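Here are the chains, one letter per residue:
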Amino acid sequence: MIRAAAAILRKDLTIEMRTKESVPAMTLFSVTVYVLFHFGLDRDTLDGELASGVLWVTLLLATVIGVSRLFATEREQGGIDALLLAPVDRTALFVAKAAALFLYLVLLEVVAVPVFGLLLLGPDLLAALPELLVILVLADIGLAAVGALVAALAVETRARELVVPLLLLPLVVPLLIGAASASEPLLREGAEPEDLGRFLALLAGYDLVFLLIALAVFDFLLDD
Amino acid sequence: MYSKGFKPLAVATVLSILAAFALVFFYAPNDADQGFIQKIFYVHVPMAIVALFGFVAGGIMAIKHLRTGEASWDMRSYVAIHLSIILGTAVLVTGAIWAKASWGHWWVWDEPVLVSFLIVFLLYCVYYPLRYSIEDPERQARYSSVFAIAAGAFVPINFTAVRLAESVTHPRVLSQTGGSLPGDMRLTFLISLLAMTLLFVTLWKLELTSKHASMQLKRLRRRLELRAEERGAATPARSPV
Amino acid sequence: MAPALELDGLERRYGDRVALSGVTVRLEPGRTLAVFGANGAGKTTLLRVLAGLLRPHAGTARVMGCELPGETWKVRGRIGYLGHDPLLYRQLTGRENLTYQSRLYDLEPERVEEALAAVGLERRANEPVRDLSKGMVQRLAAARATLHDPDLLLLDEPRANLDPAAADRLEPLIGRDSGRARVLVTHDVDGGLAEADLAVGLRGGRQAFALPAGELDGARARGLYS
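Note that the structure is predicted; figures quoted are calculated from it, not measured.

Some thoughts on the overall build of chain C
Thinking step 1. Summing up its helical and strand segments, chain C has eight helices and 10 strands in all.
Thinking step 2. Relative to the compact-globule value of 17 Å for 226 residues, chain C shows a C-alpha radius of gyration of 17 Å, a close match.
Thinking step 3. For the C-alpha atoms alone, the extent of chain C along its principal axes is close to 45 × 40 × 35 Å.
Thinking step 4. Taking contacts inside chain C between residues at least 6 apart in sequence as the whole, the part at least 24 apart equals 67%.
Thinking step 5. For chain C, the exposed surface amounts to about 9,200 Å²; the carbon and sulfur share of it is 46%.

See below:
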């Protein structure tokens, strides 16, 4: 299973390096949304709740792009058939897709979070960084699990472009609550974590539940 | 198939609804602060509870469907979710009326139950576009079940998350779902909840029976057409059964 | 050795619509079954059921001794499927595509080079598939379908985009002399009959006939298309 998942992941990353369809689009989109927020809120710098909200909502919206593209090559080029013909555990596909999405999100955040710090954040980003990194990683795990499941659910529907955001965004509300509430005190002047443990526990619980659910039900999406 | 025990169930439903109405209007006292409008509570909260249980039950039936592969479990899950969405609409409307009457706003964000309910409702609304944009019936059933399971698990997680967020900024004074109600209000609430539950189960069975019947009808029609076709084509008579 | 195929009353529906029914065939290892039928007659559905991509709804289907759908996992990896869709990633090179497949099938890396040589694509192996001609894509797809040395080949118009030279080149891989059992879907009645041992005709999803190829009159097979 791990061997097959690694093969699929490697293939996906090669295609992404060549076509650059996901990560650059997600990054560009995030920066554009920052600009929109600058004008929409008419603020040059943000801190606290507003900063945390803008950062997380932007990242979640960018995730939608990654999720809609996640199965695009498979759908267009019969990759799922090829995989089903091979003596490979179907769960490998989920593991590979979730891992790919996780990497895309990490790459996105490597650019989008510092850019947020430069463009909009009032307080110093570095002060928030250690705790913020933990929050980002936990949120990315959950997003990767739910995103891969949603992508697989939407891939066979006619209204794909519609179903992905409509399905993904409500599903990640608990993640947004956890991540935004945990980040908010960190993005204030003098960054003091507050209730951090409780919200990290929420994120970790969410990650665990949705990873288990996705692993349990994913196979059924491929079973014709 | 689904009509077993329907009659006593229907009678019990009507009786409990009548009892609930009687209790709400003639027995339960008017609320000291909110007055008569507080009685919307006896509709709003039972509907919300039943709708949420309907969503979760839909998820459990979906698990059954994926386990057994029987299409009837998908139908059960679909009808449960469908009814819960209808109830959900009513929950949001009654919630807004109640909020307007007692707090002066149509919507209040610091009411975690209502806010959680809105998120759950938004998620479940996607069930229809997802389900009906898949043409192959088997795949439609499987994909719907996968959705129903993920969404069913989402319900409690979401409530926990929203409550967690609220409790930081707004300490909750009193639980509204009947934890500390005076005795007469409590009895009325419980009977209302019972009536709503029975109503849900009755409607669920009714809808299933009708779906089942119309599917049977379609199948029979098809068989008839096939037979006519075969006769018309003058191929050797063969039973399509 | 178990027969390559043992089908009895095989049926597959899409909802209420019957896409395939009453298919009853027994094919010995190494033999070829030709499948004839107009568009929409159920040929592709038959191939997909045999490949384990669609589950049968009624009847029994045994592929190389394994019952579908219960034992599908046992025959995965022993079937080579060459359909309309080449099942190759256009952005990847031929070599990358085959390497990916070889990893899925847990094969030695040398197999990739052998397969590229067998279809005469060594020199174009580092070009993305989207830059290859249709014929070359089909050759690459044949290399993909036979990479793992399958015992049963499911072929859907395998020579459609090939010039005679290229078709000859694929003969040892997917032809009669490959030694593999084959299910060959084709519109070319005479060509199909010439290389088949058995022939099945499908009309509107139903089996119209199943005969040894020698006993089938070409006109009867052509009748399916009228």
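From this point, the discussion proceeds with the structure in view.
Side note on the environment of Phe 6 of chain B
Thinking step 1. Position of Phe 6 of chain B among the secondary structure elements: in helix α1 (residues 6-27).
Thinking step 2. It is 36 Å that separates the C-alpha atoms of Phe 6 of chain B and Asn 30 of chain B, two residues lying 24 residues apart in sequence.

Describing the pattern of salt bridges
Residue and element names in this part refer to chain C.
Thinking step 1. For the coordinates displayed, the defined rule picks out 30 salt bridges over all chains.
Thinking step 2. Arg 180 is the salt-bridge partner of Asp 149, the closest N and O atoms lying 2.6 Å from each other. Placement of the pair is Asp 149 in the loop between α5 (134-146) and β7 (152-156) and Arg 180 in the loop between α6 (164-174) and β8 (181-185), with a sequence separation of 31 residues.
Thinking step 3. Looking at Asp 149, the relative accessible area reads 55%, which means it is exposed.
Thinking step 4. Three or more residues are tied together by salt bridges with common partners; here these are Glu 6, Arg 26, Glu 28, Arg 62 and Glu 67.

Notes on the interface of chain A and chain B
Thinking step 1. Between chain A and chain B, the residue contacts involve 29 residues of the former and 27 residues of the latter.
Thinking step 2. Approximately 2,700 Å² of surface area, both sides summed, lies buried where chain A meets chain B, with 75% of it carried by carbon and sulfur atoms.
Thinking step 3. Summed over the shared surface of chain A and chain B, the number is two salt bridges.
Thinking step 4. Two residues, Arg 139 of chain B and Glu 156 of chain A, come together in a salt bridge whose shortest N-O distance is 2.8 Å.
Thinking step 5. Between chain A and chain B we count six residue pairs in polar contact (both at pLDDT 80 or more) in total.

Focus on α5 of chain C
Residues and elements named next belong to chain C.
Thinking step 1. Taking 1.5 Å of rise per residue, the 13 residues of α5 would be expected to cover 18 Å, and the 18 Å separating its terminal C-alpha atoms lies within 8% of that figure.
Thinking step 2. For α5, the buried fraction is high: 12 of the 13 residues fall into the buried class.
Thinking step 3. Along α5, the positions that sit buried rather than exposed are Gly 135, Met 136, Val 137, Gln 138, Arg 139, Leu 140, Ala 141, Ala 142, Ala 143, Arg 144, Ala 145 and Thr 146.

Observations regarding a positive patch on the surface
Thinking step 1. A cluster of like positive charges, contributed by Arg 219, Arg 223, Arg 227 and Arg 231 of chain B, occupies part of the molecular surface.
Thinking step 2. Relative accessible area serves as the criterion here: at 38%, Arg 223 of chain B is assigned to the partly exposed category.

Concerning the confidence of the model for chain B
Regions with low pLDDT carry predicted coordinates that are not meant to be interpreted in detail.
Residues and elements named next belong to chain B.
Thinking step 1. Mean pLDDT for chain B: 85, with 89% of residues reaching 70 or above.
Thinking step 2. When the elements of chain B are averaged for pLDDT, helix α7 (residues 183-232) gives the smallest value, 87, and helix α2 (residues 41-68) the largest, 94.
Thinking step 3. Here residues 170-178 is modelled with pLDDT under 50, and outside its nearest four sequence neighbours on either side it reaches 13 contacts, counting other chains as well.
Thinking step 4. Low pLDDT, under 50, characterises residues 235-241; the predicted model gives this stretch six contacts beyond four residues in sequence or across chains.

A closer look at the interface of chain C and chain B
Thinking step 1. Contacts between the two partners involve eight residues from chain C and, on the opposite side, eight residues from chain B.
Thinking step 2. Of the roughly 610 Å² buried where chain C meets chain B, counting both sides, 38% is carbon and sulfur surface.
Thinking step 3. A per-residue breakdown of the area chain C buries against chain B is headed by Gly 15, Asp 16 and Arg 206 of chain C, which together make up 66% of the total.
Thinking step 4. The tally of links from chain C across to chain B stands at zero salt bridges.
Thinking step 5. On inspection of chain C and its partner chain B, the count reaches one residue pair in polar contact (both at pLDDT 80 or more).
Thinking step 6. Here the side of chain C that touches chain B is built from residues that sort into one nonpolar, two polar and five charged.

Observations regarding helix α4 (residues 112-125) of chain B
Thinking step 1. Taking 1.5 Å as the rise per residue, α4 of chain B with 14 residues should run 20 Å; its terminal C-alpha atoms sit 20 Å apart, in good agreement.
Thinking step 2. In terms of residue burial, α4 of chain B counts as a mostly covered element, since 10 of its 14 residues are buried.

A look at the pairing of strand β4 (residues 58-63) of chain C
If a strand is regular, its side chains alternate between the two faces of the sheet.
Residue and element names in this part refer to chain C.
Thinking step 1. With five bridges joining them, strand β1 (residues 5-14) and β4 adopt antiparallel strand pairing. Counted as the bridge partner of Glu 11 is Ala 58 from β4.
Thinking step 2. Pairing analysis gives three bridges linking β4 to strand β5 (residues 66-68), with the strands arranged antiparallel. Within β5, the residue paired with Arg 62 across the bridge is Glu 67.

Examining the packing of helix α3 (residues 48-69) of chain A against helix α7 (residues 125-155) of chain A
All names here are of chain A.
Thinking step 1. Following both chains from N to C, one finds α3 and α7 inclined at 35°, their axes separated by 10 Å at the closest point. Regarding α3 and α7, the two cross each other, and that crossing is right-handed. Judged by residue contacts, Trp 56, Leu 59, Leu 60, Thr 63 and Val 67 of α3 engage Ile 135, Leu 136, Ala 139, Leu 143, Gly 147, Val 150 and Ala 151 from α7.
Thinking step 2. When its residues are assigned to classes, the contact of α3 with α7 shows 10 nonpolar, two polar and no charged.

Procedures and definitions
Residues numbered from 1 in each chain as written. Chains lettered and ligands numbered in written order. Predicted model: local features only at pLDDT ≥ 70, side-chain atom pairs only at ≥ 80, totals over all residues. Heavy atoms only, no water. Helix = DSSP H or I, 4+ residues; strand = E, 2+ residues; numbered from the N terminus. Rg over C-alpha atoms; globule rule 2.2 N^0.38 Å. Contact = heavy atoms within 4.5 Å. Areas by Shrake-Rupley, 256 points an atom, 1.4 Å probe, with all protein chains shown as cover. Salt bridge = Lys/Arg side-chain N within 4 Å of Asp/Glu carboxyl O. Buried < 20%, exposed > 50% of the residue type's maximum accessible area, 1.4 Å probe, protein only. Buried area = accessible area lost by both parts, 1.4 Å probe. Polar contact = N/O pair within 3.5 Å; in protein donor to acceptor, adjacent residues only side chain to side chain. Expected span 1.5 Å × (residues − 1). Patch = residues over 30% accessible without salt bridge, like charges linked within 9 Å, V, L, I, M, F, W, Y side chains within 5 Å. Lys, Arg positive; Asp, Glu negative; His and termini not counted. Charge placed at Lys NZ, Arg CZ, Asp CG, Glu CD. pLDDT = per-residue confidence, 0-100. Nonpolar A, V, L, I, M, F, W, Y, C, P; charged D, E, K, R; others polar. Pairing = 2+ DSSP bridges. Axes fitted to C-alpha atoms, helices over the stretch in contact; angles between N-to-C directions. Left-handed = near helix turned anticlockwise from the far one by under 90°.

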